[in-house]
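Single-letter residue listing:
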4 protein chains.
Amino acid sequence: MEDDAKREVLTRLAKIEGQVKGISRMIENDRYCVDTLYQISAAQGALERVAKETMRQHLEGCVVDAFKSKNKLDREKKIDELMSMFSKFGK
Amino acid sequence: MEDDAKREVLTRLAKIEGQVKGISRMIENDRYCVDTLYQISAAQGALERVAKETMRQHLEGCVVDAFKSKNKLDREKKIDELMSMFSKFGK
Amino acid sequence: MEDDAKREVLTRLAKIEGQVKGISRMIENDRYCVDTLYQISAAQGALERVAKETMRQHLEGCVVDAFKSKNKLDREKKIDELMSMFSKFGK
Amino acid sequence: MEDDAKREVLTRLAKIEGQVKGISRMIENDRYCVDTLYQISAAQGALERVAKETMRQHLEGCVVDAFKSKNKLDREKKIDELMSMFSKFGK
């Protein structure tokens, strides 16, 4: 991952850790479930953005290299990996 | 799209049309909402499979070509498109 | 389902049938995969709105009744059903 | 939230905090993007399970109470909240 992208992603992950701690406190303090659910949703959205940034770096880096490769198996393997990522993330 | 993949996807889409007609009938006949929701979910799953097949064909075809291209802008454009697809589908 | 909601949902489903037919034509005519994927995404969004309307009717109707019931098992059964719907839809 | 459910959810959240720390380490150490993406997906799945448990507690608690209420506005408000949760989570 490039240095700028790395720093940004690490800052986001530190913030997500704080959000998860906050959710624990809300549950300990019996806060209204719907408010807790909104916080969980915010943490999920933040993780999704980290996933998208990681995916973009992956596409720009190793996928471009693999697709340039003359070896058909290398390309097939990357496509299978992308399809699997595509099933795990997105939306 | 290759001929085999095309035929398979078209068969699936014909089946989805039938599923959508079936959902209309369930609503007309005041069937239990939860049963209707299961049918809607089945149609969504079937559309998702068509999306995945289309995505795979897209990766194997034009994305591989674009990533081989020496033109960085061509590659960037395909990556942006993939990221946008990734946000629309998956899971 | 109330008559107004029913009519609206049936109109939407007729439109979705048209969208699915349109996707078949796009694939037959070898249209650019990304354009086809946008159409699939539009049909999925439309089905999702039908699911949400059906869910709302379900909550307003049978779930309210079941939750008023003094029978704890009736309530539990509805909650399990809702949790299962919640896993199938949403987002 | 009942005590047992609370303890379980807090244990899960502590584990998620650890997972998020682990993702930071993977990015710092330039681990293969796809491995990092699998870890992000695991953390998302774990947060989703916390959301579902919180949602179930919410349904069993305040939603059942609100639906028993004779005040139609109380019931409507809870339904709107549920529909909003339903859009944020699920799948």
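Refer to the structure presented above.
Notes on the structure follow. (Residues numbered from 1 in each chain as written. Chains lettered and ligands numbered in written order. Predicted model: local features only at pLDDT ≥ 70, side-chain atom pairs only at ≥ 80, totals over all residues. Heavy atoms only, no water.)

### Remarks on the overall build of chain A
Point 1. Assigned secondary structure in chain A consists of three helices and zero strands.
Point 2. Secondary structure of chain A in N-to-C order comes out as α-α-α.
Point 3. The C-alpha atoms of chain A give a radius of gyration of 18 Å, which is well past the 12 Å a tight globule of 91 residues would have.
Point 4. In terms of overall dimensions, chain A has a C-alpha envelope of 60 × 30 × 15 Å along the principal axes.
Point 5. Split into buried and exposed, the 91 residues of chain A put 52% on the buried side. (Helix = DSSP H or I, 4+ residues; strand = E, 2+ residues; numbered from the N terminus. Rg over C-alpha atoms; globule rule 2.2 N^0.38 Å. Buried < 20%, exposed > 50% of the residue type's maximum accessible area, 1.4 Å probe, protein only.)

### Side note on the relation of the copies chain D and chain C
Point 1. For the pair chain D and chain C, the superposition axis carries a translation of 0.0 Å, the fit reaches an RMSD of 0.0 Å, and the rotation angle comes to 180°. Accordingly, the operation relating the two chain copies is best matched by a two-fold axis. (Least-squares fit on C-alpha atoms with pLDDT ≥ 70 in both.)

### Some thoughts on the arrangement of the chains
Point 1. A gap remains between chain A and chain C, with no contact made and the closest C-alpha atoms lying 7 Å from each other.
Point 2. Taking C-alpha atoms only, the smallest gap left between chain B and chain D, which are not in contact, amounts to 8 Å. (Contact = heavy atoms within 4.5 Å.)

### Focus on the interface of chain D and chain A
Point 1. Across the boundary between the two partners, chain D contributes 39 residues, which contact 39 residues of chain A.
Point 2. A combined buried area of about 3,700 Å² lies between chain D and chain A, and 72% of that area is made up of carbon and sulfur atoms.
Point 3. Viewed at the interface, chain A and chain D are joined by four salt bridges.
Point 4. Asp30 of chain A is paired through a salt bridge with Lys6 of chain D; the nearest N and O atoms lie 3.0 Å apart.
Point 5. Counting across the interface, chain D meets chain A through 14 residue pairs in polar contact (both at pLDDT 80 or more).
Point 6. For the side of chain D that touches chain A, the elements supplying multiple residues, two or more each, are α1 (3–28), α2 (33–68) and α3 (72–88) of chain D. (Buried area = accessible area lost by both parts, 1.4 Å probe. Salt bridge = Lys/Arg side-chain N within 4 Å of Asp/Glu carboxyl O. Polar contact = N/O pair within 3.5 Å; in protein donor to acceptor, adjacent residues only side chain to side chain.)

### Focus: the side chain of Lys6 of chain A
Point 1. Inspection of the secondary structure assignment puts Lys6 of chain A in helix α1 (residues 3–28).
Point 2. With sequence-adjacent residues up to four places away left out, Lys6 of chain A is seen in contact with Met1 of chain A together with Ile27, Glu28 and Asp30 of chain D.

### Some details on the side chain of Lys78 of chain C
Point 1. Structurally, Lys78 of chain C can be placed in helix α3 (residues 72–88).
Point 2. Owing to a relative accessible area of 11%, Lys78 of chain C belongs among the buried residues under this scheme.
Point 3. The residues contacting Lys78 of chain C, other than those within four sequence positions of it, are Tyr32 of chain B together with Cys62, Val63, Ala66 and Phe67 of chain C.

### Focus on the packing of α1 of chain D against α2 of chain D
Residue and element names in this part refer to chain D.
Point 1. For the pair α1 and α2, interaxial distance at closest approach is 10 Å and the crossing angle is 160°. The angle between the axes of α1 and α2 places the two elements in the roughly antiparallel class. Of the two possible hands of crossing, α1 and α2 adopt the one that is left-handed. Contact residues: α1 offers Ala5, Val9, Arg12, Leu13, Ile16, Gln19, Ile23, Met26 and Ile27, while α2 offers Asp35, Thr36, Gln39, Ile40, Ala42, Ala43, Ala46, Leu47, Arg49, Val50, Glu53 and Gln57.
Point 2. Partitioning the contact of α1 with α2 into residue classes produces 13 nonpolar, four polar and four charged. (Axes fitted to C-alpha atoms, helices over the stretch in contact; angles between N-to-C directions. Parallel < 35°, antiparallel > 145°, perpendicular 65-115°, else oblique. Left-handed = near helix turned anticlockwise from the far one by under 90°. Nonpolar A, V, L, I, M, F, W, Y, C, P; charged D, E, K, R; others polar.)

### Considerations on the packing of aromatic side chains
Point 1. The full count for this structure, using the stated rule, is two aromatic pairs over all chains.
Point 2. Taking the centre distance of 5.2 Å and the plane angle of 40° together, the rings of Phe67 of chain A and Phe67 of chain B count as tilted. You can see Phe67 of chain A sitting in helix α2 (residues 33–68) and its partner Phe67 of chain B sitting in helix α2 (residues 33–68), one on each of two chains. With respect to class, Phe67 of chain A is no different from Phe67 of chain B; both count as buried. (Phe/Tyr/Trp six-rings, centres within 6.5 Å; stacked < 30°, edge-to-face > 60°.)

### Thoughts on the environment of Ile79 of chain D
Point 1. Here Ile79 of chain D lies in helix α3.
Point 2. Each C-alpha atom of the pair Ile79 of chain D and Ala66 of chain D lies 9.5 Å from the other, and the pair is 13 residues apart in sequence.
Point 3. The residues touching Ile79 of chain D, leaving out its near neighbours within four places in the chain, are Arg56, Leu59, Glu60 and Val64 of chain C together with Phe67 of chain D.

### Topic: the pattern of salt bridges
Point 1. Inspection of every chain in the model, using the stated rule, returns 32 salt bridges over all chains.
Point 2. Here Arg7 of chain C ties to Asp4 of chain C by a salt bridge, and the two come within 3.0 Å at their closest N and O atoms. Placement of the pair is Arg7 of chain C and Asp4 of chain C together in helix α1 (residues 3–28), with a separation of three residues, close to one helical turn. Across this residue pair, the class does not change: Arg7 of chain C and Asp4 of chain C are exposed.
Point 3. One salt-bridge network, in which partners are shared between bridges, spans Glu17 and Lys21 of chain A together with Glu17 and Lys21 of chain D.

### Considerations on the interface of chain D and chain C
Point 1. Between chain D and chain C, the contact holds 23 residues from the first and 23 residues from the second.
Point 2. Where chain D touches chain C, the interface holds two salt bridges.
Point 3. Linking Asp80 of chain C and Arg56 of chain D is a salt bridge whose minimum nitrogen-to-oxygen distance equals 3.0 Å.
Point 4. Run the count over chain D and chain C and you get four residue pairs in polar contact (both at pLDDT 80 or more).
Point 5. Mapped by element, the contributors of at least two residues to the side of chain D that touches chain C are α2 and α3 of chain D.
Point 6. Taken together, the residues of the side of chain D that touches chain C break down into 11 nonpolar, two polar and 10 charged.

### Side note on helix α3 (residues 72–88) of chain B
Point 1. Taking 1.5 Å per residue, 17 residues should reach 24 Å; α3 of chain B reaches 25 Å between its end C-alpha atoms and fits that length.
Point 2. Among the residues of α3 of chain B, Arg75, Lys78, Ile79, Glu81, Leu82, Met83, Met85 and Phe86 of chain B are the ones counted as buried.
Point 3. Those residues of α3 of chain B that are buried are in contact with α2 and α3 (72–88) of chain A, α2 of chain B together with α2 (33–68) of chain C.
Point 4. Backbone nitrogen of Leu73 of chain B and a side-chain oxygen of the N-cap are separated by 2.9 Å at the start of α3 of chain B; the cap is Asn71 of chain B. (Expected span 1.5 Å × (residues − 1).)

Functional significance is not addressed by these values, which are geometric in nature.
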